[in-house]
Amino acid sequence: MKVRLLVIGTRPDDWVRDAVALYLARLPAHLKPELVEIPLSLRSSGGDPAIAKAKEGQRILQRLKPGDFVVALDERGKGWSSVELAREVERWQNHQPSVALVIGGPEGLSDDVIHRADQSWSLSALVFPHGLARVIVVEQLYRAWTILQGHPYHKI
């Protein structure tokens, strides 16, 4: 299975890059997502945020491949426990040759991206900064892998 993490934003803080790199280094090759950073649309005072979100959505859709199983990170999506996520990852491994996990910009994902998505995943009822969402997604992929391997990283 090939995994890609498509994210809006090309200049995360150093702590985000460091944390993502830490978990990427721990993941096995078949689960290690390729990080695809997509430029944030310019925002100006008085500008319409919906226009920026729509432009970002178009850039995301352009980067998706026809066979991608798309998982949109969205606060309205399904919230999974770590064990439930591990089951989802196992299903993806068994049935999806290519998975794209998508994190939107400050206004979230456009309706076009949400409609293209095969699944929507909510990290929490809380809303996180996009850099932190990157870290959480990669850490949870690592955690899911450890659960599937019976590794003691996941303690409940």
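Cut-offs and rules
- Residues numbered from 1 in each chain as written.
- Predicted model: local features only at pLDDT ≥ 70, side-chain atom pairs only at ≥ 80, totals over all residues.
- Heavy atoms only, no water.
- Helix = DSSP H or I, 4+ residues; strand = E, 2+ residues; numbered from the N terminus.
- Buried < 20%, exposed > 50% of the residue type's maximum accessible area, 1.4 Å probe, protein only.
- Contact = heavy atoms within 4.5 Å.
- Areas by Shrake-Rupley, 256 points an atom, 1.4 Å probe, with all protein chains shown as cover.
- Lys, Arg positive; Asp, Glu negative; His and termini not counted.
- Charge placed at Lys NZ, Arg CZ, Asp CG, Glu CD.
- Axes fitted to C-alpha atoms, helices over the stretch in contact; angles between N-to-C directions.
- Parallel < 35°, antiparallel > 145°, perpendicular 65-115°, else oblique.
- Nonpolar A, V, L, I, M, F, W, Y, C, P; charged D, E, K, R; others polar.
- Pairing = 2+ DSSP bridges.
- Phe/Tyr/Trp six-rings, centres within 6.5 Å; stacked < 30°, edge-to-face > 60°.

Chemist: Could you give an account of the overall build of the protein chain, with specific residues and numbers?
Modeler: If you tally the helices and strands in the protein chain, you get five helices and five strands. Start at the N end of the protein chain and walk to the C end: the helices and strands fall as β-α-β-α-β-α-β-α-β-α. By the burial criterion, 45% of the 156 residues in the protein chain qualify as buried. Taking all contacts inside the protein chain whose residues are at least 6 apart in sequence as the whole, residues at least 24 apart take part in 82%. Carbon and sulfur atoms make up 53% of the accessible area of the protein chain, which amounts to about 8,400 Å² in all. Charge separation in the protein chain, taken as the distance between the mean sites of 20 positive and 18 negative side-chain charges, equals 4 Å.

Chemist: Explain the packing of helix 3 (residues 82–95) against helix 5 (residues 130–149) to me, and be specific about the residues and the numbers.
Modeler: Viewed as axis vectors pointing N to C, helix 3 and helix 5 meet at an angle of 85°, and their least axial separation amounts to 8 Å. The angle between helix 3 and helix 5 falls in the class roughly perpendicular. Touching Ser-82, Val-83, Leu-85, Ala-86, Val-89, Glu-90 and Gln-93 of helix 3 are Gln-140, Leu-141, Arg-143, Ala-144, Ile-147 and Leu-148, all from helix 5. When the residues that make up the contact of helix 3 with helix 5 are grouped by side-chain class, the tally is eight nonpolar, three polar and two charged.

Chemist: Tell me about the sheet that holds strand 2 (residues 34–38), and please be specific about residues and values.
Modeler: Pairing is parallel across the open sheet formed by five strands, whose spatial order is 2-1-4-3-5. The two strands at the open ends of the sheet, each matched to only one other strand, are strand 2 and strand 5 (119–122). Averaged over all pairs of adjacent strands, the angle between strand axes in this sheet comes to 30°, irrespective of strand direction. In this structure, strand 3 (residues 69–79) lies alongside strand 4 (residues 98–103), joined through four bridges in parallel fashion. In the strand pairing of strand 4, Val-70 is matched with Ala-100.

Chemist: Give me the packing of aromatic side chains: which residues, what numbers.
Modeler: One pass over the structure, following the stated rule, counts five aromatic pairs. Taken together, a centroid distance of 6.3 Å and an interplanar angle of 70° make the contact between Trp-80 and Trp-92 edge-to-face. With Trp-80 in the loop between strand 3 and helix 3 and Trp-92 in helix 3, this pair connects stretches of sequence that are twelve residues apart. Residue Trp-80 shares its accessibility class with Trp-92, and that shared class is buried.

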